[in-house]
Protein chains: 2
Amino acid sequence: MSNKGITPREEDYSQWYFDILERAELAENSSVRGCMVIKPYGYAIWENIQKNLDKMIKDAGVKNAYFPLFIPKSFFSKEASHVKGFAKECAIVTHYRLKENEAGDGVEVDENSKLEEELVVRPTSETIMYDTFSRWVSSWRDLPLKINQWANIVRWERRTRPFLRTTEFLWQEGHTVHSTHEESVQEVMDRLEMYVQFARDFLAMETYHGRKSESEKFAGAVNTYGVEAMMQDGKALQFGTSHDLGQNFAKAFGIQFTDTDGETKLPWQTSWGVSTRMMGALIMTHSDDNGLVLPPNIAPIKVVVVPIFNNENKEKVLSVASEIVKSLKKEVDAVELDERDFVSPGFKFNEWEKKGVPVRIEIGERDIESNNSVVVRRDTGEKESIGYEILASKVSDILSQIQENLLSKSKDNLVSKTHRVADFEEMKSVLKGDGGFVLTGWCGSEDCENSIKYYTKATTMCLIKDGEGKKGRCVYCGKESNDEWLFAKAY
Amino acid sequence: MSNKGITPREEDYSQWYFDILERAELAENSSVRGCMVIKPYGYAIWENIQKNLDKMIKDAGVKNAYFPLFIPKSFFSKEASHVKGFAKECAIVTHYRLKENEAGDGVEVDENSKLEEELVVRPTSETIMYDTFSRWVSSWRDLPLKINQWANIVRWERRTRPFLRTTEFLWQEGHTVHSTHEESVQEVMDRLEMYVQFARDFLAMETYHGRKSESEKFAGAVNTYGVEAMMQDGKALQFGTSHDLGQNFAKAFGIQFTDTDGETKLPWQTSWGVSTRMMGALIMTHSDDNGLVLPPNIAPIKVVVVPIFNNENKEKVLSVASEIVKSLKKEVDAVELDERDFVSPGFKFNEWEKKGVPVRIEIGERDIESNNSVVVRRDTGEKESIGYEILASKVSDILSQIQENLLSKSKDNLVSKTHRVADFEEMKSVLKGDGGFVLTGWCGSEDCENSIKYYTKATTMCLIKDGEGKKGRCVYCGKESNDEWLFAKAY
């Protein structure tokens, strides 16, 4: 373990992730199995994700609303493949009252409060929303209907890890209804591209995106499209999906509309979402052995000013530091002054480094005399002495450079970890080695997909544009294949 | 029922409320007992409440975080009076898996998935948060700890009504930990005042606030303070509370800290919250028989521009209307242009009136010729013809006037519906008549409080500043009383 209390990635990548969560004060396990506590600093990052993504969603003409946490069991099973996909992992409310136990030292479930119909805690909201949509939609004038919800979700996962896979997580789920399939497919693709763009512009993450295989698609969907990122350890991470639901749910929930031609028709639907899983991707993409690294566009604190003072010069140094913060705030938002006097400057440097603050500015008495401050970049560790007059504009430039640099590193990582392989032996050796994405022919059969998974632990990620129509041979069975698919071992 | 499809208040106040919810498209009952669907327009108001209140909370040095939805049964019962207060109304998760039923036509709870310890869906988060706080707090340096959470809450209520009382609702809950009681009491009062200020500045609502009686306080608190509003039908509505938790929960959850003097001490705690109930108060305070009335400071749409056109002049009118919207947006936010061509202007006027948009601007061909537009205020119905050059600044003024007017009407309603009574006969007659707040002496005994409730259906609201130390006689038993309390029939 390093002097930061962080296990190096080379030594134990999984422990490194946990150490970052702890040292950067992002999240921790709670006393409830599989449920995390999102700590203030972690939640502030999530709030920035919410704020910026919410704007993109609203700009796309989607309106936010809120639907019940609970889903009656009977709704849940209306769409056959949907219930099959979620039945095995849901929290079920069966009673509504506790009573004192006989010993008088605690409470127990009051058996007299058994519900007539059990309620499922939402693992996703298609069923409860579409029951409502069937009352909202009756004419072409009601379409397209575009609704989004920010909510908590519960899926009873076996193995959990904060952000990456938790029993309860936070997400947004968009649900739209259209009069034509053409329009709904366009929506599916637009929202997918929106996620790709969001990842690029805010999270500084370059990703692949495309259609998922039959076995990996959402329970109840006609087609699912995913956004896939590549982590530093060669494992992929899917953090966003967009589903073409066809008319499956419209049929199951009786959503109908009278079209302009007077005919009663079934509409076409989509759903799409990203969750706090995105936080896991963000953390693992940029961070290093010294702690979290955050892209400025999503950082709760972009610049921290650390004054270096002793008892004698405290007042003077703090006063200059305050002035500097004031002038910085004119060009940069999210600037913080660390005035604490019960910890040393070294302690502070260490702390803000672990928390991934993009730029640190040090101001001591000697710097003041020369009208300079030391500016340190979190992404490269580079130090530079910069004069006060140009500090604000320079820092603003540096923040843009950091954002660009992180995106460019992410792009390099994606490209360098993508391997086109010729045969199954090569595929196995790549996946046994450094991992990464494997791009190769696949015939599309589930048997081959299963066998590849069995022998390599890699699953199909998605069919990217580059792979579409690229004819060749299936890497497993050798039969003709129409497309090249992306495979990887994944989180 | 009026031509707007809204039952007049005089005829049936309760139906009027439901009609407003429906006609203004705010919320509706869902298929899940007691749970509502918050519709896009209603949710947009809630988002404005969240955004503005969240800023006030953050400005008070409180940080947002997120804690689990589920609370282990054993945590829940750690604080004796807390569990007593909530045990009878909570949703309980007992299983985590469904399976196909024997008939093969649906799903049933898989009895093999019974949880070892049942989980309570949070009815409030003191217990789950303070279990965590016991690990976060160890030194005076960790204090004050100020955490807030925006979350969904479940309480199994018998009788529900959208926004006012629902099984699931949305809220914020603040939780703070302090080293001294003096400081924690200050926090309790500061947050209470924050709610009063928020109601005044954004919701245009004047309220009373003060300490609740023993019987009305939060389960587990030493003292509870409430914010009480007066509805148009003479019933009170409490929409915010702030609790002095003393050291009750610190004891139960083992929260301790080492103070500056080296001693290990129990800290002092507070919690405080407002919920979607505030939406009910907002709706009932300002609305009239024509629909919702919204204060501009919280309205999702402040100004709607309705162009009046036919097939011949459509292009011309729309082009002028767009120009006007553009110039309005320079001085006013949340301006919307209603360009729909498949409904009539009259239909639009009606719709925006029902939705409570503060200002409507009508633009027809004749208005364009005279460089004028008709500006209609939702609160008073006043119409005014205003020239284009001064339109933006005039509308901005009118919005301020509406905000002020609504607050002043709310203040008048509060004052005119507050009655100081001399004896129980007068109290009964006031409460049987138009209702409102009754200000009177009360000895503080729970027996008198119960009897008053039995005979009048009115409960103690709170002890306002004006009533503190106002000696007299208890309105019920006639014994000496130290204070004058506020009573009312309440939602």
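Bear in mind that the values here come from a model prediction, so they are computed numbers and not experimental data. (Residues numbered from 1 in each chain as written. Chains lettered and ligands numbered in written order. Predicted model: local features only at pLDDT ≥ 70, side-chain atom pairs only at ≥ 80, totals over all residues. Heavy atoms only, no water.)

1. Describing helix H10 (residues 345-354) of chain A
Residues and elements named next belong to chain A. Condition: The classification of residues rests on relative accessible area computed with a 1.4 Å probe and restricted to protein chains. Under 20% of the type maximum is buried, over 50% is exposed, and intermediate values are partly exposed. For helices the rule is a DSSP run of H or I covering at least 4 residues; for strands it is a run of E covering at least 2, with both sets numbered from the N terminus onward. We call two residues in contact when some of their heavy atoms are within 4.5 Å.
Among the residues of H10, those classed as buried are Lys348, Phe349, Glu351, Trp352 and Lys354. Elements that come into contact with the buried residues of H10 comprise helix H1 (13-23), strand S17 (303-307), strand S18 (335-337) and strand S19 (359-363). Taken from the residues just after H10, glycine 356 is the one with a positive phi, measuring 75°.

2. Some points on the packing of H1(A) against helix H8 (residues 277-286) of chain A
All names here are of chain A. Counted only if it meets this: Axis geometry follows a simple rule: fit a line to the C-alpha atoms, using only the stretch in contact for helices, then measure angles between N-to-C directions, giving values from 0 to 180 degrees. Put simply, angles under 35 degrees are roughly parallel, angles over 145 are roughly antiparallel, angles from 65 to 115 are roughly perpendicular, and the rest are oblique.
Axis separation between H1 and H8 bottoms out at 11 Å; the angle between their running directions is 110°. Taken as axis vectors, H1 and H8 run roughly perpendicular relative to one another. For the pair formed by H1 and H8, the contact residues are Tyr13, Trp16, Tyr17, Ile20 and Leu21 on the first element and Gly280, Ile283 and Met284 on the second.

3. Focus: the relation of the copies chain A and chain B
Selection rule: A least-squares fit on C-alpha atoms brings the copies together, and the residues used are those whose pLDDT is at least 70 in both copies.
Once chain A is rotated about the relating axis by 180° and shifted along it by 0.0 Å, it coincides with chain B to within an RMSD of 0.0 Å. The symmetry that links the two subunits is that of a two-fold axis. Rotation axis and chain A: the residue whose C-alpha lies nearest the axis is Val93(A), separated from it by 2.1 Å.

4. Describing the interface of chain A and chain B
One frequently used descriptor of interface size is the decrease in accessible area upon assembly of the parts. In plain terms, the rule: Once two parts are brought into contact, the accessible area they lose, counted with a 1.4 Å probe and summed over both, makes up the buried area. For this analysis, a salt bridge means a side-chain nitrogen from Lys or Arg found within 4 Å of a carboxyl oxygen belonging to Asp or Glu. As used in this structure description, the phrase polar contact means that two N or O atoms lie within 3.5 Å; if the pair is within protein, one of them must be able to donate a hydrogen and the other to accept it, and residues adjacent in sequence are counted only when both atoms belong to side chains.
Counting residues at the interface gives 62 residues for chain A, matched by 62 residues for chain B. Summed over both sides, the interface of chain A with chain B buries roughly 5200 Å², with 68% coming from carbon and sulfur. For chain A, the biggest contributors to the area lost against chain B are Tyr66(A), Ile92(A) and Leu98(A); these three give 13% of the whole. If you look at where chain A meets chain B, you find two salt bridges. Between Glu47(A) and Lys58(B) there is a salt bridge, with its nearest N and O atoms 3.2 Å apart. The interface formed by chain A and chain B includes 30 residue pairs in polar contact (both at pLDDT 80 or more).

5. Comments concerning helix H9 (residues 314-329) of chain A
All names here are of chain A. Convention followed: By this rule the span expected of a helix is its residue count minus one, scaled by 1.5 Å. The directions from the helix axis to the C-beta atoms form the arc being described.
End to end, H9 covers 22 Å across 16 residues, agreeing with the expected 22 Å (1.5 Å per residue, within 8%). Buried residues of H9: Val317, Leu318, Val320, Ala321, Ile324, Val325 and Leu328, and no others. For H9, the angular spread of buried residues about the axis comes to 165°, placing them on one side. The exposed residues of H9 that point more than 90 degrees off its buried face are Glu315 and Lys326.

6. Some words on the state of the cysteines
Residues and elements named next belong to chain B. Heads up, the condition is: Throughout, disulfides are identified as pairs of cysteine sulfur atoms within 2.5 Å of each other.
Inspection of the entire model under this criterion finds zero disulfides over all chains. Its sulfur unpaired, cysteine 462 is 17 Å from the next cysteine sulfur, which belongs to cysteine 474. Cysteine cysteine 474 remains unbridged, with the sulfur of cysteine 477 as its closest cysteine sulfur at 3.7 Å. The class for cysteine 474 is buried, based on a relative accessible area of 3%.

7. Points about the sheet that holds strand S5 (residues 92-95) of chain B
Stated precisely, the cut-off is as follows: In this description, strands pair whenever DSSP reports at least two bridges between them.
Taken in spatial order, the six strands make up an open sheet running S4(A)-S8(A)-S5(A)-S5(B)-S8(B)-S4(B), and their pairing is antiparallel. Both edges of this open sheet fall to strand S4 (70-72) of chain A together with strand S4 (70-72) of chain B, since each of them pairs with a single strand only. Looking at each pair of strands side by side, their axes are set apart by 45° on average, direction ignored. For strand S5 (residues 92-95) of chain A and strand S8 (residues 114-121) of chain A, the ladder comprises three bridges, and the chain directions are antiparallel. If you follow Val93(A) over to S8(A), its bridge partner there is Leu119(A).

8. Re the domain arrangement of chain A
For clarity, the cut-off: The domain limits used here are those given by an automatic or database domain assignment.
With domains assigned, chain A is organised as domain 1 (13-69 + 129-286), domain 2 (303-398) and domain 3 (418-488). Distance from the C-alpha centre of domain 1 of chain A to the C-alpha centre of domain 2 of chain A: 39 Å.

9. As for the side chain of Lys348(B)
Here Lys348(B) lies in helix H10 (residues 345-354). A polar contact of 2.7 Å, which involves the side chain of Lys348(B), links it to the backbone oxygen of Arg340(B).

10. A closer look at the pairing of strand S16 (residues 268-275) of chain A
All names here are of chain A. Taking burial as the measure, the eight residues of S16 include seven buried ones, the bulk of the element. Sheet topology note: the strand S10 (residues 168-178)/S16 ladder contains eight bridges and is antiparallel. Following the sheet pairing, histidine 175 is matched in S16 by serine 271. Relative to S16, strand S13 (residues 236-246) runs antiparallel, the two sharing six bridges. Within S16, the residue paired with threonine 241 across the bridge is glycine 273.

11. A word on a nonpolar patch on the surface
For clarity, the threshold we go by: Within the patch definition used here, like charges are joined within 9 Å and nonpolar side chains (Val, Leu, Ile, Met, Phe, Trp, Tyr) within 5 Å, considering only residues with over 30% relative accessible area and no salt bridge. We get accessible surface area from the Shrake-Rupley algorithm with a probe of 1.4 Å; when it comes to residues, only the shown protein chains can shield them.
A cluster of nonpolar side chains, contributed by Tyr454(A), Tyr455(A) and Tyr476(A), occupies part of the molecular surface with about 390 Å² of accessible area. Structurally, Tyr454(A) is set in helix H14 (residues 446-456).

12. Some points on the confidence of the model for chain A
The following threshold applies: pLDDT: the predictor's confidence for each residue, scored from 0 to 100.
Put simply, chain A has an average pLDDT of 96, and 99% of its residues get 70 or more. With a pTM of 0.97, the predicted complex shows an ipTM of 0.97.

13. Observations regarding the sheet that holds strand S22 (residues 418-420) of chain B
Residue and element names in this part refer to chain B. Across the sheet, which stays open at both edges, the 11 strands sit in the order S3-S9-S10-S16-S13-S12-S11-S24-S27-S23-S22 with mixed pairing between neighbours. Looking at which strands have only one partner, the edges of the open sheet turn out to be strand S3 (63-64) and S22. The pairing of strand S12 (residues 223-230) with strand S13 (residues 236-246) spans eight bridges and is classified as antiparallel. Within S13, the position partnered with valine 227 by the bridge is glycine 240. Against the sheet, helix H8 (residues 277-286) makes contact with S13 and strand S16 (268-275), and its axis sits at roughly 145° relative to S13, the strand it touches most. Contacting S22, strand S23 (437-442) and strand S27 (483-488), helix H13 (residues 424-432) crosses the sheet at an angle of about 160° to S23.

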